[in-house]
Amino acid sequence: MSTTSVAQLLSLPADERGRALLGLTEDQWFDRKSARVTAKALADTEIGFANAEGGTIVVGLGDGRVEGVDSSPVRLNEWQQAPLDYTVPPVPAKTRLVGCVNDHGRGDHLLVIDVETSERVHENRRDEVYLRVGDENRRLAFHQRHELLYDKGQASYEATPVRDAAADELDEALLTRYAEAVVHPDPLRLLQARGLTS
């Protein structure tokens, strides 16, 4: 399924929209959430999408029912503020309400959240990082998080400090040639000045 399929279903008439979205398979770019979802849990899904390829979340669909969101104005406000309140840095997301007919036959709305892919790695307030993989959000382990930082260009493997390394382990001849190439009198001070040693 693609983001085009989601957009096509969102353009259906209001009385068809909710049922059609319930029939859509959740995948790398689409997720459904019940109107009972907490803002914190919603933020984790937004983080997963932003750290991957972006995607669309529709709130107000749960347990095979078109619930709508009109009966939850307080939660609606919390959901719309979730990127600011629960993600670091804030996830790039846009929200909009689209009309639907709920399972009680009344006019209602669904909250559509379009999450953009981000050039940064996002985390929640508990310092957890998520990544959208297929139809689920995966919490990343420490080493996976570092791989994502490298992939996004926020960290460089070459600039990663080597623990327990000592100055006497450096190749003196190579270090001297480096200092001579940039016309610096002290090779070790040069490394410190460039942030390569502490």
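Residues numbered from 1 in each chain as written. Predicted model: local features only at pLDDT ≥ 70, side-chain atom pairs only at ≥ 80, totals over all residues. Heavy atoms only, no water.

When helices and strands are counted, the protein chain shows seven helices and 10 strands. On C-alpha atoms alone, the protein chain measures out to a radius of gyration of 24 Å, which is more than a quarter above the 16 Å that the 2.2 N^0.38 rule sets for 198 residues. In terms of its C-alpha atoms, the protein chain occupies a principal-axis envelope of roughly 80 × 30 × 25 Å. Every one of the 198 residues in the protein chain was classed for burial, and the buried ones make up 39%. Excluding contacts between residues fewer than 6 apart, the proportion of contacts in the protein chain whose partners are at least 24 apart in sequence is 63%. With an accessible surface of roughly 11,500 Å², the protein chain has 50% of that area assigned to carbon and sulfur atoms. (Helix = DSSP H or I, 4+ residues; strand = E, 2+ residues; numbered from the N terminus. Rg over C-alpha atoms; globule rule 2.2 N^0.38 Å. Buried < 20%, exposed > 50% of the residue type's maximum accessible area, 1.4 Å probe, protein only. Contact = heavy atoms within 4.5 Å. Areas by Shrake-Rupley, 256 points an atom, 1.4 Å probe, with all protein chains shown as cover.)

Now for helix α5 (residues 142-151). Along α5, the residues that are buried comprise R145, L148 and L149. Projected down its long axis, α5 carries its buried residues within an arc of 105 degrees, all on one side. Away from the buried face of α5 by more than 90 degrees, exposed residues H143 and D151 are located. Residues of α5 that are buried in the fold lie against α3 (39-51), β8 (123-124) and β9 (130-133). (Arc of directions from axis to C-beta.)

This next bit is on the sheet that holds strand β2 (residues 55-59). Read from one edge to the other, the open sheet built from four strands follows the order β1-β2-β7-β6, with strand pairing classed as mixed. In this open sheet, the two strands that pair with only one neighbour each are β1 (30-33) and β6 (93-101). Within this sheet the neighbouring strands show an average axis-to-axis angle of 20 degrees, counted without direction. As paired strands, β2 and strand β7 (residues 107-115) are joined by five bridges and run antiparallel to one another. Bridge pairing in β7 places G55 opposite V115. (Pairing = 2+ DSSP bridges. Axes fitted to C-alpha atoms, helices over the stretch in contact; angles between N-to-C directions.)

What follows covers the side chain of S34. Along the chain, the position of S34 falls in the loop between β1 and α3. For S34, a relative accessible area of 15% puts it in the buried group. A distance of 3.0 Å separates the side chain of S34 from the side chain of E67, its partner in a polar contact. (Polar contact = N/O pair within 3.5 Å; in protein donor to acceptor, adjacent residues only side chain to side chain.)

Sheet faces and side chains relate simply in a regular strand, where the side chains alternate between the two faces. Only one face of β9 is covered, namely the one carrying Y130 and R132; the face carrying L131 and V133 has none of its residues buried. As paired elements, β9 and strand β10 (residues 136-139) share four bridges and run antiparallel to each other. The residue bridging L131 from the neighbouring strand is R138, located in β10. Taking the residues between adjacent antiparallel strands as the criterion, β9 and β10 are bridged by two residues, where G134 takes a positive phi near 65 degrees.

Attention now goes to the packing of α3 against helix α4 (residues 73-86). Where α3 contacts α4, the two axes come as close as 9 Å, and the packing angle between them is 65 degrees. Two packed elements cross with a definite hand, and for α3 against α4 that hand is right-handed. Residues A39, K40, L42, A43, E46 and I47 of α3 touch α4, and the partners they reach there are E78, W79, A82, P83 and Y86. Of the residues in the contact of α3 with α4, the class split is eight nonpolar, no polar and three charged. (Left-handed = near helix turned anticlockwise from the far one by under 90°. Nonpolar A, V, L, I, M, F, W, Y, C, P; charged D, E, K, R; others polar.)

Moving on, we get to a negative patch on the surface. Together, D164, D168, E169, D171 and E172 give the surface a local cluster of negative charge. Checked against the element boundaries, E169 lands in the loop between α5 and α6 (172-181). Given a relative accessible area of 56%, E169 falls into the exposed group. (Patch = residues over 30% accessible without salt bridge, like charges linked within 9 Å, V, L, I, M, F, W, Y side chains within 5 Å. Salt bridge = Lys/Arg side-chain N within 4 Å of Asp/Glu carboxyl O. Lys, Arg positive; Asp, Glu negative; His and termini not counted. Charge placed at Lys NZ, Arg CZ, Asp CG, Glu CD.)

What follows is about the nonpolar core. Counting residues in each nonpolar core, the largest one holds 16 residues, and the members touching the most others are L42, I57, V59, W79, L111, I113 and V115. Elements that contribute at least two residues to this core include exactly α3, β2, α4 and β7. Broken down by element, this core gets its largest block of residues, four residues, from α3. Setting aside residues up to four positions removed in sequence, L111 forms contacts with I57, V58, V59, V69, L76, W79, Q80, T95, R96 and L97. In this structure, L22, F30, L61 and V112 belong to the second largest nonpolar core, which totals 14 residues. (Core = buried A, V, L, I, M, F, W, Y, C linked by side-chain atoms within 4.5 Å.)

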